[in-house]
Amino acid sequence: MSTVTPQSLDQEDEEMLVPHTEVQEGLQPVPGPVAFDGTLPTEMPQPMEVAGAAENQPVEERQASRLIRWTIKNFSRQSKKKIYSDVFVIGGYKWRVLIFPKGNNVDHLSMYLDVADSSSLPYGWSRYAQFSLAVVNQANKKFTVKKYTEHVFNAKESDWGFTSFMSLSDLNDASTGFIKNNTCVIEADVSVRTKEIGYVGLKNQGATCYMNSLLQTLYHIPYFRKAVYHMPTTEIGSIPLALQSLFYKLQYNKTKVGTKELTKSFGWDKYDSFMQHDVQEFNRVLCEKLEDKMKGTVVEGTIQKLFEGHYMSYIECIHVDFKSTRKGSFYDLQLDVKGCKDVYASFDKYVEVEYFGGDNKYHANEYGLQDAKKGVLFIDFPPILQLQLNRFEYDFTRDTMVKINDHYEFPLELDLDRENGKYLSPRADKSVRNLYTLHSVLVHSGGVHGGHYYAFIRPNLSDQWFKFDDEQVTKEDMKRALEEQYGGEEELPQINPGFNKAPFKFTKHSNAYMLVYIRESDKEKINCDVDEKDIAEHLRIRLKKEQEEKEDKKKYKAQAHLYTIIKVARDADLMEQIGKDLYFDLVDHDKVHSFRIQKQTPFNLFKEEVAKEFSVPVQFQRFWIWAKRHNHTYRPNRPLTPQEETQSVGQLKEVSNKAQNAELKLFLEIEIGPDLQPLPPPVKTKEDILLFFKLYDPEKEQLRYVGRFFVKSSSTPYEMISKLNERAGFSPDEDIYFFEERYFEPHVMCEELARKCSFILRNIGDGDIIYFQKIPQFEYEEEYRYPDVPSYLEYVKNRQTVRFRSLDRTGDDFSLELSKLHTYDDVVERVAGKLNMDGSSKIRLTPHNFYSQQPKPDPIKYRVPEHLLHMLGHDHDNQVSDILYYEVLDIPLPELQSLKTLKIGFHHATKQKPDIHNIRLPNESRVGEVVNVIKDKVYFELFDPDAELRLLGLFDHKIYKIFHVNEKIENINDQYWTLRAEEVPEEEKYVGSEDRLIHVYHFTKEAAQNQMVHNQVKNFGEPFFLKIHENETLADVKVRIQRKLEVPYEEFSKWKFAFVSLGRPEYLQDSDVVSNRFQRGDVYGAWEHYLGLEHSDTTTPKRPSTANQNHHTYEKPLKIYN
């Protein structure tokens, strides 16, 4: 996935980053004093030269690539922050170089390539360029500083380059040769793509580069694409239909293609699009899903036919005639990178024979323990061979995942029949030639905790390679696709001619991660023709219609600068919206009628369009201009003047709207007579003001618009009472009172109006909003939740519907309408009421995590958040969550918060699983008190009623810590540790000077073909301590372990024993002295060296074969839900 979003020069204080460049910045320091020219600037930079070209070259000339030289004289005297070169033309496009001589807010020279005419280009323009920028070393060109990159330039990113090109100290140092006679020479080598490349890219939704690289790979397997097209698709939103749509667009579109329809069909939301995932994992999950979707269709079995191969694992006795074999299948092969120089070495390691002998013999049924050999051979390989390279593994010394960037080669042609078929089983069909040709290379660039994926593909196995990097598709040569993806180290020569230093080496973090090979004998079938007849007619019709709509939309946007959008609000809109969708201000302009009018159209002609649309003759129309006030409200400000109505629509928009957008917002005033026919608008004098009136009913908690009136500014609200009572349907003498809506951001301001105070004294003018309501009778006032307009508007402003979910999923989910200003007590009381509880003290709430879509790990503390708004939290877009999780505790929450709850398992030596106990004690309690509580709970299960107990901290089935009895329990993180209590065996209390107390862990090794790392140890079960004696052999230790664990002999005889150090097992024989392997020292810190008991894990279910073995980030599992 992409790790950096590029930024343009509009933000000069930001670092501009160029993704995927191989050149490392800041690796070429040139020591020495900094020299400054103290003279004042007198000249601007000189015009640049075109290397090898005639002067005054015409701009009409189209040339795909060119080297440009720009000579800047009086360099130290440049006073401007940024300077541009002359414009030059390459590929028919205008370009220029931009530099910041003193740095773009950094202490480095900043340099960029810029699209010279970006401001005048049509909507949706883009152009792709590969280019290098260089500062020429005038003393020795060998030491010129040059950096390469590539970019798709567009309206948002019209410049691209390097903010930290080279340090200013190096540039200005007279001894380095970059500045000579106060002259600096800049070179730009620009290559522009002037014709379609034939393929299009995929848009990155945020972190979906892993998906894009795989989808491009699968799309460029024609047989696979054809099978997808032939899947029956009738269900809208299905995965097959979405994938068909995506492939169709990749085949026929001329511009980049989006993937949102596909990810929506997966059941993903926007958070999934920002979640890091592994391309190998996605490959398996997607192919499994497609395999399932293809069942019962004409393309059933396609996945198996293309990708499935078979292997045979065997164990064969050396001295007796006994052999055990098992056949298995694979869709991809995991190959080790570490310790292997190339793919062939990985295959050699894959089929490497493992021998069992001595005390590590194989139990061969009736033959007993026998010397044997174990291995894997292949029965057949698939037509399309997918090789997953294990570049991530766990480093036990550092206790973390690491990426293996070792040099690892892979051939263009892969011969798996080499050396007389050394990889093949005797059952393999020798008539099949297993010669493969490389089709694609998926690359991971980055480290363990993040990075970026892209793919090198050669469609139809042609000689031309292409790089598919999200939206960018570029031609590449074979060296770039193969050799430069081997990994390893690369050298950069020094740039300072005055120092004789060794070349600088750096590790390449971009390297091949997945390889796709196609068998030579199958390539004609796989590279079949795929055309429109393979696509269902209903799909072609739908997608062509979508494409036409997209083209229309694009054309619409391209012509947008020729048009003005006029949004006309009327009384009918206010009547429809106020009190339903809208409570503040007057109208939502996105829901009123819009007109798209050419800018040169006279406004009087537009009025004729309005007359046709609304059936209101032109002479009865009066338009008001809306204005945004300083308090962020938006109101009709004044009517258009007759002179303004003679102007064009475009001129009027410019006068009325300084925001420079394409919209003109108007209010259409229409006077309606008693016969419901329009009347001419009344004459408006300077004293007349237009007011809008809203009516509030506290009994029904309803708000509605009742109309607008012209009033005299010197009049009072009192004079409006009879007219408003009539409009509201009240009795003529109903007593009402008034409020003015002032503003509603950041909070509501609605003030009562004195009924006999004139409007002018309250600064009320055109477009203001007046509320009125009945004066409630005193005896009924307390019955209303919101008795007046201000309290109701405060409620509307802050109301929030919250969805409550049961934390343990045992209760019902429900919703409550609350206020964001509700206190903690208000919220829990409402929840308790919904649950029919007498009190709220046992309610505990937990906030929702936007990104995982799960409860957050820490619940809300009692009365810590001040209001509901603080309890809900926000996402990265400042969107308020609407979900809380609830649980009903067995004790009040304030009491629980003063206690520490620990989940502790009591371990019996002979039981596989411990008994779980939840212990609550005050936070200040000590571990010794916890042990005493446990002892009381398990008293009747103890071997010895006076036994000493201890508390252990376990992680990943290893003992990491023994807690001291005086340690405070409030410091114990039981979210991290698995806590276990156990009896201290009598023998461990007395460890002599000749004894050792060692760790003993259970472990297993899964079959090699399913492992990310060959023979990786996987711990399971309950670990324990064991005292061993000086010169005690493994045979003696085994007897004591069997007795301790009470394992039947028949099962125990199959166990293997090994000294395991840093994850590597060294198998022991019965005659080995165990104590020789273990150093004397503190047993508590010796978890990395232990006696390993290897046997099958019966405590947990086996990991499915499709599980990802190469996870390298902390992320939620990848799932396709539909």
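Here, every reference points to the structure presented above.
As the structure is a computational prediction, the values presented were derived from the model and not from experiment.

A. Spatial organisation of the side chain of Gln370. Within the fold, Gln370 resides in strand β17 (residues 369-370). A distance of 2.9 Å separates a polar atom in the side chain of Gln370 from the backbone oxygen of Tyr367. The contact partners of Gln370, leaving out residues within four places of it in the chain, are Cys317, His319, Val320, Phe356, Lys361, Tyr362 and Ala364.

B. Region of interest: the packing of helix α2 (residues 209-219) against helix α7 (residues 279-294). Here α2 crosses α7 at 55 degrees, and the two axes come no closer than 9 Å. It follows that α2 is oblique to α7 by the angle criterion. Here α2 and α7 pass one another in a crossing that is right-handed. On α7, the residues touching Tyr210, Met211, Ser213, Leu214, Leu215 and Leu218 of α2 are Val279, Phe282, Asn283 and Leu286. Classifying every residue of the contact of α2 with α7 by side-chain character gives 8 nonpolar, 2 polar and no charged.

C. How the structure looks around the pairing of strand β5 (residues 93-100). The pairing of strand β3 (residues 83-84) with β5 spans 2 bridges and is antiparallel. Bridge pairing links Ile83 to Ile99 in β5. Strand direction decides the pairing type here: strand β4 (residues 88-90) and β5, joined by 3 bridges, are antiparallel. For Ile90, the partnering residue across the bridge sits in β5 and is Tyr93. Hairpin connection between β4 and β5: a loop of 2 residues separates the two successive antiparallel strands, and Gly91 in this loop has a positive phi of roughly 65 degrees. Here 6 bridges tie β5 to strand β6 (residues 108-115), and the two strands are oriented antiparallel to one another. The residue of β6 that forms the bridge with Val97 is Leu113.

D. Fine view of the packing of aromatic side chains. Summed over the entire model, instances satisfying the criterion amount to 48 aromatic pairs. Where Phe606 meets Phe623, the ring centres are 6.0 Å apart and the plane angle is 45 degrees; that geometry is what we call tilted. Remark: Phe623 occurs in strand β32 (residues 622-628) and Phe606 occurs in helix α15 (residues 603-614); sequence separation between them is 17 residues. According to the relative accessible area criterion, Phe606 is buried, its value standing at 0%. The class for Phe623 is buried, based on a relative accessible area of 0%.

E. Fine view of a positive patch on the surface. There is a patch of like positive charges on the surface, built from Lys203, Lys260, Lys550 and Lys554. Among the secondary structure elements, Lys260 is positioned in helix α5 (residues 260-265). Residue classification places Lys260 among the exposed positions, given a relative accessible area of 62%.

F. Representation of the nonpolar core. Counting 62 residues, the largest nonpolar core has Phe224, Phe266, Phe282 and Leu286 as the members making the most contacts within it. Broken down by element, the residue count for this core peaks at 8 residues, all from helix α4 (residues 239-252).

G. Representation of helix α23 (residues 927-937) in the model. By the burial criterion, the buried members of α23 are Val927, Gly928, Val930, Val931 and Ile934. End-on view of α23: buried residues confined to an arc of 155 degrees, all on one side of the axis. Check the buried side of α23 and you find it contacts β47 (899-907), β48 (915-922), β49 (949-955), β50 (958-963) and β51 (978-983).

H. Inspection of the pattern of salt bridges at higher detail. Counting across every chain of the model gives 61 salt bridges. The closest approach of N and O atoms between Asp590 and Lys567, which form a salt bridge, is 2.9 Å. Of this pair, Asp590 sits in the loop between α14 (571-577) and β31 (593-598) while Lys567 sits in strand β30 (residues 563-569), placing them 23 residues apart in sequence. A residue is classified by how much of its surface remains accessible, and Lys567, at 7% relative accessible area, is buried. A salt bridge links Arg863 to Asp825; the shortest N-O distance between them is 3.0 Å. On the criterion of sequence distance, the pair formed by Arg863 in the loop between β45 (854-855) and α21 (868-872) and Asp825 in helix α20 (residues 824-834) is long-range, its members being 38 residues apart. The class of Asp825 is partly exposed, set by a relative accessible area of 24%. One salt-bridge network, held together by shared partners, links Asp585, Arg629, Arg635, Lys694, Glu741 and Asp768.

I. Molecular detail of the side chain of Thr144. Its location among the elements puts Thr144 in the loop between β7 (126-135) and β8 (145-154). Here Asn137 takes part through its backbone nitrogen, which lies 3.1 Å from a polar atom of the side chain of Thr144. Here Lys141 takes part through its backbone oxygen, which lies 3.0 Å from a polar atom of the side chain of Thr144. Each residue touching Thr144, except ones within four places of it in the same chain, is listed here: Ala134, Val135, Val136 and Asn137.

Rules and cut-offs
Residues numbered from 1 in each chain as written. Predicted model: local features only at pLDDT ≥ 70, side-chain atom pairs only at ≥ 80, totals over all residues. Heavy atoms only, no water. Helix = DSSP H or I, 4+ residues; strand = E, 2+ residues; numbered from the N terminus. Polar contact = N/O pair within 3.5 Å; in protein donor to acceptor, adjacent residues only side chain to side chain. Contact = heavy atoms within 4.5 Å. Axes fitted to C-alpha atoms, helices over the stretch in contact; angles between N-to-C directions. Parallel < 35°, antiparallel > 145°, perpendicular 65-115°, else oblique. Left-handed = near helix turned anticlockwise from the far one by under 90°. Nonpolar A, V, L, I, M, F, W, Y, C, P; charged D, E, K, R; others polar. Pairing = 2+ DSSP bridges. Phe/Tyr/Trp six-rings, centres within 6.5 Å; stacked < 30°, edge-to-face > 60°. Buried < 20%, exposed > 50% of the residue type's maximum accessible area, 1.4 Å probe, protein only. Patch = residues over 30% accessible without salt bridge, like charges linked within 9 Å, V, L, I, M, F, W, Y side chains within 5 Å. Areas by Shrake-Rupley, 256 points an atom, 1.4 Å probe, with all protein chains shown as cover. Salt bridge = Lys/Arg side-chain N within 4 Å of Asp/Glu carboxyl O. Lys, Arg positive; Asp, Glu negative; His and termini not counted. Charge placed at Lys NZ, Arg CZ, Asp CG, Glu CD. Core = buried A, V, L, I, M, F, W, Y, C linked by side-chain atoms within 4.5 Å. Arc of directions from axis to C-beta.

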